[in-house]
Amino acid sequence: MIKFKLLLVGSLVAIGAMALLASSINEKEKERVELNKAPSNAGIVGKEKSEEWAKYYPREYDSWKKTKEGIELTDVLAKDTQLPVLWAGYGFAKDYNKPRGHFYALQDNINSLRTGAPTDAKSGPMPTACWTCKSPDVPRLIEEDGELEYFTGKWAKYGNQVVNSIGCANCHDDKTAQLQVRVPHLDRGLKAAGLKTFEESTHQEKRSLVCAQCHVEYYFQKTPWKDAKGVDKTAGVVTLPWANGTSVEGMEKYYDDIKFSDWTHKISKTPMIKAQHPGYELWRTGIHGQKGVSCADCHMPYVQEGSVKYSNHQVGNPLEQMDKSCMNCHRESEAKLKDIVAQKLVRKEFLNKIAMDNLGKAHLETGKAMELGASDAELADIRTNLRHGQFRWDMAVASHGSFFHAPEETLRLLASANEQAQQARIKLVKVLAKYGAMDYVAPDFDTKEKAQKLAGVNLEALAAEKMKFKQTLEQEWKKEAIAKGRLNASSYEGADTINDGKSSWNKK
Ligand code: HEC
Ligand code: HEC
Ligand code: HEC
Ligand code: HEC
């Protein structure tokens, strides 16, 4: 009897184990089928809508969608109150937030006070080029309309066309899922710098180059052209200033040689260059870049799910998953490594603050000298110091994460920025003395309000116009895009955080 019972229990266990095994085989088979469900030769209809990729690549899609997490919006102008003074006369003095997930990229651009409040396709402060690093609809438009037409006109021209935030079709071919670069400016830049094009690069290099479509320094190059009807037009083509290489000095020389400026500083009348987000260039100078560690190695580490290994598409802060992002290569404890990274940020912030203070004061002192009658000739050298100092500072800080990607280069640039600002200020003491203002002390800019006042920014008026735009033209854009099948209404749910008080200008 006991024997029989044992036998029974034994077979039950065996049956249970076999069922488990079978279900695990079934599970693997399902995964295999799923993984092979690639759209192969047909491609994906409506590939700009990332949801269309979900049925073929559910894991990549689900993790990509998680870039929606972490919705906090940090108002950098309130944190670093020098910024409105440094950017006086330029859009960034109005509104500037810390970058957040790719899910928000497009709506954050629409909500920014920088893109203004257009009332039709032809109004507003920004050119079409401002959409370029926000959406897979951009490569589509470049293919459909031609690059020069795409880069011609006002930002609002494409409000009903550029409607999906950064997604699959920005980085992948829809037939093979291979990595792909879909904007022409990157290869042109690489060639100008004497570097390999995307196609010539190794697979490992491509794992960074897809990010370099957007996380690079660029400017809008004025390009006259004639359309099919012979009408003269001018395009502002996104161009990487890499003809002298990707070093900051190389780019600065490039801009100086063509006498380029993004804007004239409102207070000091200096012809300024705004750095964009030269993440790729700075990363190249750091130890990880030098050793061939790619952006994707840290920001998109592999995840093992059963027998399936895939890349985590929740591009975000690698320090939140150090076991996957760092510990494959590093042997110290996570806590120790995190502490080392934290020290790097403290060092950068130390020099960053000194640089911002000095640059801000130098702009205001130059403004005072002008008010007292100093001539452009007297201020020429000072303005060159300001132009170079601020560009070097900006390259170090606008390259987000540079304190970690390239700590030595970041500190070198900030030191150089400080030196330029100090040079300007030493010269300014003399000029101010000559005009009888030896004891001049620049006004405070220790709150965002004070700094924006000095920069001549009327936040309330800008916010009111923006709100009106959001209730009118923006609604029409979305309606039309949905009606034409370019946008799935559900895909941007939760992206517009303005009404949640998640905004620097519509606080609740
Ligand atoms: C099509 C342009 C584009 C591409 C390609 C792109 N990015 Fe971004 N990325 C952006 C923009 C724009 C933002 C800022 C979004 C915002 O703040 O709304 C951003 C934000 C980020 C952030 C901040 C996220 C956070 O949660 O703080 C990281 C990190 C990042 N990108 C890394 C990468 C990496 C790594 C790659 C390549 C695998 C890449 N990006 C490719 C445009 C791009
Ligand atoms: C910012 C660029 C970027 C975006 C956006 C992006 N991917 Fe990827 N994807 C990558 C990189 C980098 C890899 C790693 C490729 C490699 O090493 O072969 C990758 C890998 C993949 C792979 C190969 C298997 C794997 O997981 O490693 C698939 C399939 C894939 N992505 C699908 C998608 C889908 C679907 C979307 C949209 C929901 C998407 N990707 C969005 C950059 C991107
Ligand atoms: C060795 C790992 C590693 C590599 C390689 C790497 N990053 Fe990072 N990245 C980090 C870490 C760590 C941070 C800092 C996160 C923090 O503390 O905010 C960061 C920060 C960033 C940020 C700023 C995020 C924010 O919210 O401020 C961006 C954008 C970014 N990286 C993009 C890139 C791009 C683009 C590349 C390739 C050109 C790259 N990273 C290569 C680890 C890496
Ligand atoms: C693919 C391998 C790889 C990955 C992934 C990687 N590292 Fe590294 N890391 C290296 C190498 C190689 C060096 C150079 C030092 C050496 O050769 O011993 C290095 C150096 C460092 C250093 C010292 C250099 C400096 O800049 O001061 C720090 C700190 C560091 N890594 C942190 C991180 C963190 C944090 C992560 C994850 C976000 C990370 N690493 C991910 C390979 C990697």
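Residues numbered from 1 in each chain as written. Chains lettered and ligands numbered in written order. Predicted model: local features only at pLDDT ≥ 70, side-chain atom pairs only at ≥ 80, totals over all residues.

Digging into the overall build of the chain
Right, so step 1: Across its full length, the chain carries 22 helices and six strands.
Right, so step 2: By its C-alpha atoms, the chain is 110 × 60 × 50 Å across when sized along the principal axes.
Right, so step 3: The buried share of the chain, reckoned over its 508 residues, is 39%.
Right, so step 4: Pairs at least 24 apart in sequence give 72% of the contacts found in the chain among residues at least 6 apart. (Helix = DSSP H or I, 4+ residues; strand = E, 2+ residues; numbered from the N terminus. Buried ≥ 20, exposed ≤ 12 C-beta atoms within 10 Å, placed from the backbone. Contact = placed C-beta atoms within 7 Å.)

Concerning unusual backbone geometry
With the exception of glycine, the majority of residues adopt a negative phi angle, and the majority of peptide bonds are in the trans configuration.
Right, so step 1: Even without being glycine, Ala177 reaches a positive phi, approximately 65°.
Right, so step 2: Relative to the helices and strands, Ala177 resides in the loop between helix 8 (168-171) and helix 9 (184-192).
Right, so step 3: Using a count of 18 C-beta atoms within 10 Å as the deciding quantity, one classes Ala177 as partly exposed.

Some words on the packing of helix 17 (residues 376-398) against helix 19 (residues 407-434)
Between two packed helices, what matters for the description is the angle formed by their axes and the separation of those axes.
Right, so step 1: Relative orientation of the contacting elements helix 17 and helix 19 amounts to 160°, with a least axis distance of 8 Å. Viewed along their axes, helix 17 and helix 19 adopt a mutual orientation that is roughly antiparallel. Once helix 17 is placed against helix 19, the crossing between them reads as left-handed. Facing helix 17, whose interface residues are Glu378, Asp381, Ile382, Asn385, Leu386, His388, Gly389, Arg392, Trp393, Met395 and Ala396, helix 19 presents Thr410, Leu413, Leu414, Ser416, Ala417, Gln420, Ala421, Gln423, Ala424, Lys427, Leu428 and Val431.
Right, so step 2: Looking at the contact of helix 17 with helix 19, its residues break down into 12 nonpolar, seven polar and four charged. (Axes fitted to C-alpha atoms, helices over the stretch in contact; angles between N-to-C directions. Parallel < 35°, antiparallel > 145°, perpendicular 65-115°, else oblique. Left-handed = near helix turned anticlockwise from the far one by under 90°. Nonpolar A, V, L, I, M, F, W, Y, C, P; charged D, E, K, R; others polar.)

Regarding the confidence of the model for the chain
Right, so step 1: A residue-level look at the chain finds 91% of positions with pLDDT of 70 or above and a mean pLDDT of 92.
Right, so step 2: Within the model, pLDDT remains below 50 along residues 12-29, and this stretch shows three contacts once partners closer than five positions in the same chain are excluded. (pLDDT = per-residue confidence, 0-100.)

Side note on the site of ligand 3
Right, so step 1: Around ligand 3, the surrounding shell holds 22 residues, and the nearest of these are Trp283, Cys295, Cys298, His400 and Gly401.
Right, so step 2: When residues of the shell around ligand 3 are traced back to their parent elements, those giving at least two are helix 12 (279-285), helix 14 (295-299) and helix 18 (402-405).
Right, so step 3: In terms of residues, the shell around ligand 3 owes the most to one element, helix 14, which gives four residues.
Right, so step 4: Class assignment of the residues belonging to the shell around ligand 3 gives a composition of 11 nonpolar, nine polar and two charged. (Near = placed C-beta within 6 Å.)

Comments concerning the site of ligand 4
Right, so step 1: The environment of ligand 4 is made up of 17 residues, and the closest members are Lys291, Pro318, Ser325, Cys326 and Cys329.
Right, so step 2: Those elements that provide at least two residues to the shell around ligand 4 are helix 13 (287-290), helix 14, helix 15 (322-325) and helix 16 (334-371).
Right, so step 3: Considering every element that reaches the shell around ligand 4, the biggest residue donor is helix 16, with three residues.
Right, so step 4: The residue makeup of the shell around ligand 4, split by class, is 11 nonpolar, four polar and two charged.

Structural notes on the nonpolar core
Right, so step 1: If you look at the biggest cluster of nonpolar residues, it comprises 45 residues, and the most contacted ones within it are Trp131 and Val216.
Right, so step 2: Looking at this core, the elements with two or more residues in it are helix 6 (137-145), helix 8, helix 9, strand 2 (232-239), helix 12 and helix 14.
Right, so step 3: Ile267, Ala275, Ala355 and Trp393 belong to the second-largest nonpolar core, a separate cluster that totals 44 residues. (Core = buried A, V, L, I, M, F, W, Y, C linked by C-beta atoms within 7 Å.)

Focus: the packing of helix 16 against helix 17
Right, so step 1: One way to put it is that helix 16 packs onto helix 17 with a least axis distance of 10 Å and a crossing angle of 150°. Classified by the angle their axes make, helix 16 and helix 17 are roughly antiparallel. Both helix 16 and helix 17 take part in a crossing whose hand is left-handed. Across from Asn352, Ala355, Leu359, Ala362, His363, Thr366 and Ala369 in helix 16, the residues of helix 17 making contact are Leu379, Ile382, Leu386, Gly389, Gln390, Trp393 and Val397.
Right, so step 2: Along the lines of polarity and charge, the residues of the contact of helix 16 with helix 17 split into nine nonpolar, five polar and no charged.

Describing helix 22 (residues 473-483)
Right, so step 1: Of all the positions in helix 22, only Leu473, Glu474 and Ala481 are classed as buried. Mapping the buried residues of helix 22 onto a view down its axis gives an arc of 100°, with all of them on the same face. Within helix 22, the exposed residues directed more than 90 degrees away from the buried face are Gln475, Glu476 and Ala483.
Right, so step 2: Residues of helix 22 that are buried make contact with helix 5 (105-111) and helix 21 (459-471).
Right, so step 3: Just downstream of helix 22, Gly485 is the residue with a positive phi angle, here 80°. (Arc of directions from axis to C-beta.)

Focus: the environment of Glu480
Right, so step 1: Locating Glu480 in the fold gives a position in helix 22.
Right, so step 2: For Glu480, a count of 15 C-beta atoms within 10 Å translates into the label partly exposed.
Right, so step 3: Remark: the alpha-carbon pair of Glu480 and Gly159, spanning 321 residues in sequence, is separated by 9.8 Å.

Side note on the environment of Thr74
Right, so step 1: Turning to its location among the elements, Thr74 is positioned in the loop between helix 2 (58-65) and helix 3 (76-79).
Right, so step 2: Of the residues examined, Thr74 has 12 C-beta atoms within 10 Å and is grouped as exposed.
Right, so step 3: Separated by 25 residues in the primary sequence, Thr74 and Pro99 place their C-alpha atoms 8.3 Å from one another.
Right, so step 4: Other than its neighbours up to four places away in sequence, Thr74 contacts Lys79, Asn97 and Lys98.

A few points about the pairing of strand 5 (residues 302-305)
Right, so step 1: In the sheet, strand 5 pairs with strand 6 (residues 308-311) via four bridges, with the strands oriented antiparallel. Bridging across to strand 6, Gln304 finds its partner in Lys309.
Right, so step 2: Hairpin connection, strand 5 to strand 6: the antiparallel pair is bridged by two residues, and Gly306 has positive phi, about 60°. (Pairing = 2+ DSSP bridges.)

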